[in-house]
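# A structural walkthrough
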Amino acid sequence: MTRRSANTVLYTVIGTASSRAARVLWMLEELGLPYDHVPAPPQSEGVTAFNPAGKVPVLIAEGTPITDSTAIIQYLADKHGQLTHPAGTLARARQDSLTQFLLDEFDANLWTAARHSFVLPEELRHSAIKNTLRWEFERSQKTLMHRMGDGPFVMGDQMTVPDIILTHCGNWALEAKFPIVEHRLTEYLAAMRARPAYRRAMAR
């Protein structure tokens, strides 16, 4: 599937929209940039050719593969000067702090739960750990509420990289039956999912 426009950079995104590649597709839609989408699953030949670890997403930019969804979306935001605060500013420091918080407290818990649900060999899975992970996930939501700005986005009035990560993790949590216990977070997720760029990305 391809989205193109004349006289602009063309990117290739490798990975299905049901994976963390969704973050990259959404970022590109928000930025209005042309791209090709190759919906290859993890560990497939179409992925390992660019990332020996077999993980998605991979972004091909000017012939160079970039891996890790957070690295990719921050690269795109920096390169095109949108959905981010400038490097070296206090606002960017706070943005990066929120990004790391979400990766440590939301993404990591959800990924660990997934590993113990279907990723790891069955003999290495420990289902009981998911109770601890759900407890940590609920507590992290309360912490996030204290850190969010007063506006509609994580940092206030401006949508930034952490918004993409938080929304993706929120959707992931609902699929994994990790409860959203903060009413404000429920409303936030509904508003983000209503964005046209989000809907275009998720339709892939």
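Before reading on, note that the structure itself is shown above.
Treat the numbers as computed from the prediction; the structure is a model and nothing was measured.

Both strand S4 (residues 58-61) and strand S5 (residues 64-67) contribute to a ladder of four bridges, which runs antiparallel. If you follow Ala-61 over to S5, its bridge partner there is Thr-64. Linking S4 back to S5 in an antiparallel pair, the connection comprises two residues, with Glu-62 at a positive phi of about 55°.

Throughout the structure, instances matching the rule amount to four aromatic pairs. Ring centres 5.0 Å apart and planes at 80° place the aromatic pair Trp-26 and Tyr-198 in the edge-to-face group. Here Trp-26, found in helix H1 (residues 21-31), pairs with Tyr-198, found in helix H8 (residues 196-202); they are 172 residues apart in sequence, far enough to count as distant. Tyr-198 shares its class with Trp-26; the two are buried. For the ring pair Phe-106 and Phe-137, a centre distance of 5.0 Å and an interplane angle of 65° mean the geometry is edge-to-face. Of this pair, Phe-106 sits in helix H4 (residues 90-119) while Phe-137 is found in helix H5 (residues 129-147), placing the two residues 31 residues apart along the sequence. For the pair shown, Phe-106 and Phe-137 are each scored as buried.

The rules behind each value
Residues numbered from 1 in each chain as written. Predicted model: local features only at pLDDT ≥ 70, side-chain atom pairs only at ≥ 80, totals over all residues. Heavy atoms only, no water. Pairing = 2+ DSSP bridges. Helix = DSSP H or I, 4+ residues; strand = E, 2+ residues; numbered from the N terminus. Phe/Tyr/Trp six-rings, centres within 6.5 Å; stacked < 30°, edge-to-face > 60°. Buried < 20%, exposed > 50% of the residue type's maximum accessible area, 1.4 Å probe, protein only.

Read these as spatial facts, not as claims about activity.
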